[in-house]
Structures are given as structure tokens and as C-alpha cells.
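Read off the chains here:
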Amino acid sequence: PGARVTGLEASEAQLSAANFFLQCAEEERLAFHPFLDEPRSNLHAAARTAALAAPDIAPAALPRVSLELRRGDFLQLSPSGEEALRGSDAVVTSFFLDCVPGVADSLRSIHALLRPGGLWVFAGPLAYHCWPQLCPTLDQLVGLASEVGLTPLGEPRLL
């Protein structure tokens, strides 16, 4: 309750899909086949044609929160946009750090957006897409985060 959430996404297509799902009034409105063109990591051939349905929960039925979705690049926020996000209680980066060319710059930006004692939550693979940029291991990422002022809570782990 009382949370204000701002989502940043660089892709107009991803934003359109997110807005579609956020406005759904019923569960499992859209069926899709996400594995048709993915030949790797399938248990058996039938798994490639498996259908999934979304959304799994109808967002329209959930309690309202202040959610703003914006098109933008996290590292290229305008000064006014960055100022609006400063003092955030938390920054969540999901499937993000391995997609940006500047991991260290991203960590500095995350730290700058957080209020003192704020929380950074990182989730996603370390399957870097921006060669030949810095591609830190999890241990190195934790070290870089510490260097910019982010303090780990608990032991980081790969799942």
C-alpha cells in the first residue's frame, strides 16, 4: 500500500505487451507458444509445442498501486527523469545487467537512485550480450557493487 512503482523499458514492443496484460480483466486471455523456435533445453519434442496462457492473474482484479511504465534507457535518463526517481526505496533490475554495455555505469546509476539504506534487487542471468565489454562473474559483480557503495544482504547465489 502506498507504493509508487516506475518501470523503465527501452522497447516499445515490450511496453505495448506489458500495457496489454496490465489491462486484462480475465486470466489466461492469451495463449502462446514460447518454445516453438527454441531447439535447446527441451525435455522432449512435445515440449516445443506446449502452449502457455497469460496473464496467470488478472491484473484488473488486484489492488491498485501507483504504476507508471515509461519508455526509456536506464542509463540515459534525462536529468529531470533521474531526479524524479532519486530517493527510491528500491531499484529492481530483472534480466537487465547482462544486456547493458556498461555494467559498472549501471551500478553507479542504481546507487545514485537509491535513498540511503535503499535496496537493490538483482535477478537475471549473467549471459552478457554486449561483447567485448566487461562481463563480470557473480563474485566480480558483488565486488563492483561494493565499490560503488552497494552492500550485499546475505550471500549472493546463482540458481
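Here, every reference points to the structure presented above.
What comes next concerns the included structure. The numbering scheme is per chain: residues are counted from 1 as the chain's sequence reads. Local features in this predicted model are restricted to residues of pLDDT 70 or higher, and side-chain atom pairs are both shown and tallied only at a pLDDT of 80 or more, whereas totals for entire chains, interfaces and linings draw on every residue. The side-chain figures draw on all heavy atoms in the structure; neither hydrogens nor water molecules are used.

Working definition: helices are DSSP H or I runs of at least four residues, strands are E runs of at least two. Numbering for both runs from the N terminus. Tracing the sequence through the fold places Glu155 in the segment after α4 (138-147). Exposure classes here rest on a 1.4 Å probe applied to the protein chains alone. A residue is buried below 20% of its type maximum, exposed above 50%, and partly exposed in between. The exposure class assigned to Glu155 is exposed, which follows from its relative accessible area of 69%. Expressed as a C-alpha distance, the spacing of Glu155 and Val142, which sit 13 residues apart in the sequence, is 9.8 Å.

Turning to the environment of Leu114, a few remarks are in order. Locating Leu114 in the fold gives a position in strand β6 (residues 114-123). Distance in space between the C-alpha atoms of Leu114 and Gly87 is 5.1 Å, their sequence separation being 27 residues. By definition in these notes, contact holds between two residues if any of their heavy atoms fall within 4.5 Å. Not counting the four nearest positions on each side in its chain, Leu114 is found in contact with Gly87, Ser88, Asp89, Ala90, Val91, Leu119, Trp120 and Leu150.

Quick look at α4 now. Of all the residues in α4, the buried ones are Leu138, Leu141, Leu144 and Ala145. The buried residues of α4 all sit within an arc of 115° when viewed along its axis, so they share a single face. Turned more than 90 degrees away from the buried face of α4 sit Asp139 and Glu147, all of them exposed. Where α4 is buried, its residues touch α3 (103-113) and β6. Looking one or two places after α4, you find Gly149, whose phi comes out positive at around 105°. Here, the arc refers to the directions that run from the helix axis to the C-beta atoms.

The two faces of a sheet get side chains in turn, since along a regular strand they alternate between them. With 6 bridges joining them, strand β5 (residues 88-94) and β6 adopt parallel strand pairing. Paired with Val92 across the strands is Val121, a residue of β6. When the strands point away from the viewer, a crossover counts as right-handed if the route from the first strand across the helix to the second turns clockwise. With respect to chirality, the unit in which β5 leads through α3 into the neighbouring parallel β6 is right-handed. In this scheme, strands are said to pair when DSSP sees at least two bridges between them.

As a further point, take the packing of aromatic side chains. In summary, the pairing rule links any two rings of Phe, Tyr or Trp, Trp by its six-membered ring, whose centres are within 6.5 Å, and it sorts them by plane angle into stacked for under 30 degrees, edge-to-face for over 60 and tilted for everything else. Scanning all chains against the criterion turns up 2 aromatic pairs. With a centroid separation of 5.2 Å and 75° between ring planes, the pair formed by Phe20 and Phe21 is classed as edge-to-face. Ring centres of Trp120 and Phe122 lie 5.9 Å apart, and the angle between their planes is 40°; this geometry places the pair in the tilted category. The exposure class of Phe122 is partly exposed, given its relative accessible area of 25%.

This part covers the layout of surface pockets. Cavities and pockets are defined on a 1 Å grid built over the protein atoms alone: a cavity is a set of grid points where a 1.4 Å probe fits but cannot escape, while a pocket is an open set with protein on both sides within 12 Å along at least five of seven lines, and lining residues are those with an atom within 4 Å of any such point. Grid points are joined across faces, edges and corners, and a volume is the space filled by probe spheres set on the points. By volume, the second largest pocket amounts to about 820 Å³. For the second largest pocket, the lining is made up of 27 residues, of which Trp120, Val121, Phe122, Pro152 and Leu153 are closest to its centre. Among the elements that take part in the lining of the second largest pocket, β6 stands out by supplying 10 residues, more than any other. For the lining of the second largest pocket, a count of residues per class yields 17 nonpolar, 7 polar and 3 charged. The nonpolar class holds Ala, Val, Leu, Ile, Met, Phe, Trp, Tyr, Cys and Pro. Asp, Glu, Lys and Arg form the charged class, and all remaining residues, Gly among them, are polar.

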